[in-house]
Amino acid sequence: MNAQAKALQDPRLNRPEPFTPPLGDGGFFQRDRSIHPPAYAPGYKSSVLRSPRQSLLSLENSVSEITGPVFGHNDLGPLDNDLIRNYAKDGDPVGERIIVHGRVLDETGRGVPNTLVEFWQANAGGRYRHKKDTYLAPIDPNFGGCGRALTDDTGYYYFRTVKPGPYPWRNFVNSWRPAHIHFSVFGSGFAQRLITQMYFEGDPLIPVCPILTTIPDKDALDRLVAPLDLNASTPFDSLAYRFDIVLRGQRSTYFENRTAGN
Amino acid sequence: MPQPLNYLKETASQTAGPYVHIGLIPAMAGFDIFEKNFSNVLVTPNSKGERITLEGRVLDGSGTPLRDVLLEIWQANAAGRYNHPADRSAGALEEGFRGWGRAGSDFDSGLVTFETIKPGAITDKTGRKCAPHVNVWIVARGINIGLNTRLYFSDEEAANAADPVLNLIEQPTRRKTLIATRSERAGKVVYSFTINLQGPEETVFFDV
Ligand SMILES: [Fe+2]
């Protein structure tokens, strides 16, 4: 009897079990650091003394990394995603009215539901409502400049605001930030935590910004630029920009019973 | 050409900038806007476990404290359980302890504080015990991508010596960069830490 025939007589093979993929450990896909700015980026001078010089220690994700804070609608107020109204005192803030909307996805393309998205920005003149900002452009009495939203079941979020202005900052003597909105996103595990900035299609300051150009990958940089989304605008009211955010993907599921989509 | 995999790419990180407080801790920027705010106080009257203060600074490569840094911490409760469905260990959860908080450093001294409870030992997915620790995430002007590190506790010597993550650090001297030192001050338990971004005592940061 040859080996193959003998193997077929192996009693263990007479009651084969269907193959099921092993449950994943819930760890996140390894971060591709080539699309992120390096810690040390001398063109952005503040990074020089604030960048670790030792190698990061790579850590297989444990329960400490695949878990993270859970937020709900109880954490938010009704005006939190309306920057036109959430600090208005005696009228609307000055500036171009815009809607910013998009989805928070993971690297597999699935929406990240019920996750907290926070955003902050300068006013239309490029001035922040912050005790440390001394730029000569005036504070807008009707504009706070921050808000937050929870994504829905599909990962979708939106908010209303005015378009921020560019502003000068101390790096070189004539450095200007392109118009931008800062974003903070959580995801489902603490290892997905991300802060980034959204820029506006067509801004001529984008290619000369010392902070944006810390990103070594041209495509990764382009993905921070929100296109004008005329279809989502409100006629005679607001233009719209679309900004999707991608967080790290996750290996399979950590739940015993697989839920739809996992 | 094989079929394309079509994974998306993670969105690139950008610095939180000097005005991060506006979005994440508006009271520190100097105004009041939200009905409900997040803070550096994790503990509530209903939280179980030993009340502790975490107190420390983040130093740049010249030894100067960062005065515009923002830290977030994420930790298990006193039973060693994270308040998240992916933690399937046996410890009991309680209402009133989310396990997460954020703090900006003082604009003058650079001091960062959290009011929390001391977490219990964590049970990982293989059933192994890990020393009690707090996960830390650091962002600021000049930090291009958030830095991940951990704080362990100086009075947990035996657990620290057996901890699988601390033991991944090749140089024993570098393990000490993650240990917060216990003391008592006016009847309160304080754990002090220093995070060095550079230098001979550079803190161990993780690629998680
Ligand atoms: Fe900014």
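Residues numbered from 1 in each chain as written. Chains lettered and ligands numbered in written order. Predicted model: local features only at pLDDT ≥ 70, side-chain atom pairs only at ≥ 80, totals over all residues. Heavy atoms only, no water.

Chain B has the name Protocatechuate 3,4-dioxygenase alpha subunit in an unreviewed UniProt entry, where Bradyrhizobium sacchari is given as its organism. Heading Sequence similarities (unreviewed entry) of the UniProt record for chain B holds this comment: "Belongs to the intradiol ring-cleavage dioxygenase family." (UniProt positions renumbered as here; feature names shortened; annotations may be inferred.)

If you look chain A up in an unreviewed UniProt entry, it shows as Protocatechuate 3,4-dioxygenase beta subunit from Bradyrhizobium sacchari. Comment text from UniProt for chain A, heading Sequence similarities (unreviewed entry), reads "Belongs to the intradiol ring-cleavage dioxygenase family."

Draft legend 1. The overall build of chain A, seen in detail. If you tally the helices and strands in chain A, you get 3 helices and 12 strands. Here chain A holds 262 residues, and 52% of them are scored as buried. Expressed as a percentage of contacts within chain A between residues at least 6 apart in sequence, the contacts between residues at least 24 apart total 72%. If you sum the accessible surface of chain A, you get close to 12600 Å²; carbon and sulfur atoms cover 55% of it. (Helix = DSSP H or I, 4+ residues; strand = E, 2+ residues; numbered from the N terminus. Buried < 20%, exposed > 50% of the residue type's maximum accessible area, 1.4 Å probe, protein only. Contact = heavy atoms within 4.5 Å. Areas by Shrake-Rupley, 256 points an atom, 1.4 Å probe, with all protein chains shown as cover.)

Draft legend 2. Fine view of the overall build of chain B. Within chain B, the regular secondary structure consists of 4 helices and 11 strands. For a compact globule of 208 residues, the expected C-alpha radius of gyration is about 17 Å, and chain B comes in at 18 Å, within 12% of that figure. The proportion of buried residues among the 208 residues of chain B is 58%. Considering only contacts in chain B between residues 6 or more positions apart, those separated by 24 or more positions represent 67%. Carbon and sulfur atoms form 51% of the exposed surface of chain B, whose accessible area is close to 8600 Å². When the 22 basic and 24 acidic side-chain charges of chain B are each reduced to a single mean position, those positions are 4 Å apart. (Rg over C-alpha atoms; globule rule 2.2 N^0.38 Å. Lys, Arg positive; Asp, Glu negative; His and termini not counted. Charge placed at Lys NZ, Arg CZ, Asp CG, Glu CD.)

Draft legend 3. Expanded view of the interface of chain A and chain B. Every contact between the two is made by 93 residues of chain A and, on the other side, 73 residues of chain B. Of the roughly 7500 Å² buried between chain A and chain B on both sides combined, carbon and sulfur atoms contribute 58%. In terms of surface lost to chain B, no three residues of chain A exceed Arg50, Leu57 and Phe190 of chain A, which account for 11% of the buried area on that side. Our enumeration of links across chain A and chain B arrives at 8 salt bridges. One salt bridge connects Arg50 of chain A with Asp68 of chain B, and the closest N-O pair in it is separated by 2.9 Å. (Buried area = accessible area lost by both parts, 1.4 Å probe. Salt bridge = Lys/Arg side-chain N within 4 Å of Asp/Glu carboxyl O.)

Draft legend 4. Structural detail: the UniProt feature "domain: Intradiol ring-cleavage dioxygenases" (unreviewed entry) in chain A. Within the UniProt annotation, "domain: Intradiol ring-cleavage dioxygenases" (unreviewed entry) is assigned to residues 100-128 of chain A. Between the end C-alpha atoms of residues 100-128 of chain A there is a gap of 19 Å, over a span that is 0% helix and 45% strand.

Draft legend 5. Region of interest: the coordination of the iron ion. All names here are of chain A. Surrounding the iron ion are the protein donor atoms Tyr128 (OH), Tyr167 (OH), His180 (NE2) and His182 (NE2), at 1.9 to 2.2 Å. Taken together, the 4 donor atoms surrounding the iron ion define angles of 91 to 161 degrees at the centre, an arrangement classified as irregular. The sequence motif formed by the donor residues of the iron ion is Y-x38-Y-x12-H-x1-H. Of this pair, Tyr167 sits in strand β6 (residues 167-169) while His180 is found in strand β8 (residues 180-185), placing the two residues 13 residues apart along the sequence. Given the relative accessible area of 8%, Tyr167 is considered buried. (Donors = N, O, S within 2.8 Å, 3.2 Å for Na, K, Ca; no water. Tetrahedral: all angles 85-135°; square planar, octahedral: opposite > 155°, others 65-115°.)

Draft legend 6. Looking closely at the sheet that holds strand β4 (residues 146-150) of chain A. Residue and element names in this part refer to chain A. Ordered by their spatial adjacency, 5 strands build an open sheet running β4-β3-β8-β9-β10, and the pairing between neighbours is mixed. Among the strands making up the open sheet, the edge pair consists of β4 and β10 (225-226). Sheet topology note: the strand β9 (residues 194-200)/β10 ladder contains 2 bridges and is parallel. Among the inter-strand pairings, Tyr199 is bridged to a residue of β10, identified as Val225. (Pairing = 2+ DSSP bridges.)

Draft legend 7. Structural context of the environment of Ser238 of chain A. All names here are of chain A. When you line up the elements, Ser238 lands in the loop between β10 and β11 (239-242). Taking the relative accessible area as the measure of exposure, Ser238 reaches 4% and is therefore buried. Each C-alpha atom of the pair Ser238 and Thr151 lies 21 Å from the other, and the pair is 87 residues apart in sequence. Excluding residues that lie within four positions of it along the chain, Ser238 makes contacts with Arg97, Ile98, Ile99 and Ser233.

Draft legend 8. Representation of the pairing of strand β2 (residues 97-106) of chain A. All names here are of chain A. Burial of β2 is extensive: 8 of the 10 residues sit out of reach of the surface. With 7 bridges joining them, β2 and strand β5 (residues 156-162) adopt antiparallel strand pairing. Across the sheet, residue Arg103 finds its bridge partner in β5, namely Tyr156. Examined bridge by bridge, β2 and β11 share 4 bridges and lie parallel to one another. Note that in β11 the partner of His101 across the bridge is Arg242. Of the pairings in the sheet, the one linking β2 to strand β12 (residues 245-247) comprises 3 bridges and is parallel in character. Following the sheet pairing, Asp106 is matched in β12 by Leu247.

Draft legend 9. Layout of the packing of aromatic side chains. Throughout the structure, instances matching the rule amount to 20 aromatic pairs over all chains. Feature note: the residues Phe119, Tyr157, Phe159, Phe183 and Phe243 of chain A constitute an aromatic cluster, connected by ring pairs. One cation-aromatic arrangement involves Arg148 of chain A over Phe34 of chain B; the distance from NZ or CZ to the ring centre is 3.8 Å. We note Arg193 of chain A situated over the ring of Phe186 of chain A; from NZ or CZ to the ring centre the distance is 3.7 Å. (Phe/Tyr/Trp six-rings, centres within 6.5 Å; stacked < 30°, edge-to-face > 60°. Lys NZ or Arg CZ within 6 Å of the ring centre and 35° of its normal.)

Draft legend 10. Quick look at the UniProt feature "domain: Intradiol ring-cleavage dioxygenases" (unreviewed entry) in chain B. Here the UniProt feature "domain: Intradiol ring-cleavage dioxygenases" (unreviewed entry) sits at residues 54-82 of chain B. In residues 54-82 of chain B, the share of helix is 0% and the share of strand is 41%. The end C-alpha atoms are 19 Å apart.

Draft legend 11. Inspection of the pattern of salt bridges at higher detail. Scanning all chains against the criterion turns up 24 salt bridges over all chains. Arg85 of chain A is paired through a salt bridge with Asp92 of chain A; the nearest N and O atoms lie 3.4 Å apart. Measuring nitrogen to oxygen at the nearest pair gives 2.8 Å for the salt bridge that ties Glu118 of chain A to Arg102 of chain B. Taken together, the positions of Glu118 of chain A in strand β3 (residues 116-121) and Arg102 of chain B in strand β3 (residues 100-104) put the pair across two chains. The exposure class assigned to Arg102 of chain B is buried, which follows from its relative accessible area of 1%. A single salt-bridge network, built from bridges that share partners, covers Glu50, Lys118, Asp155, Glu156 and Arg182 of chain B.

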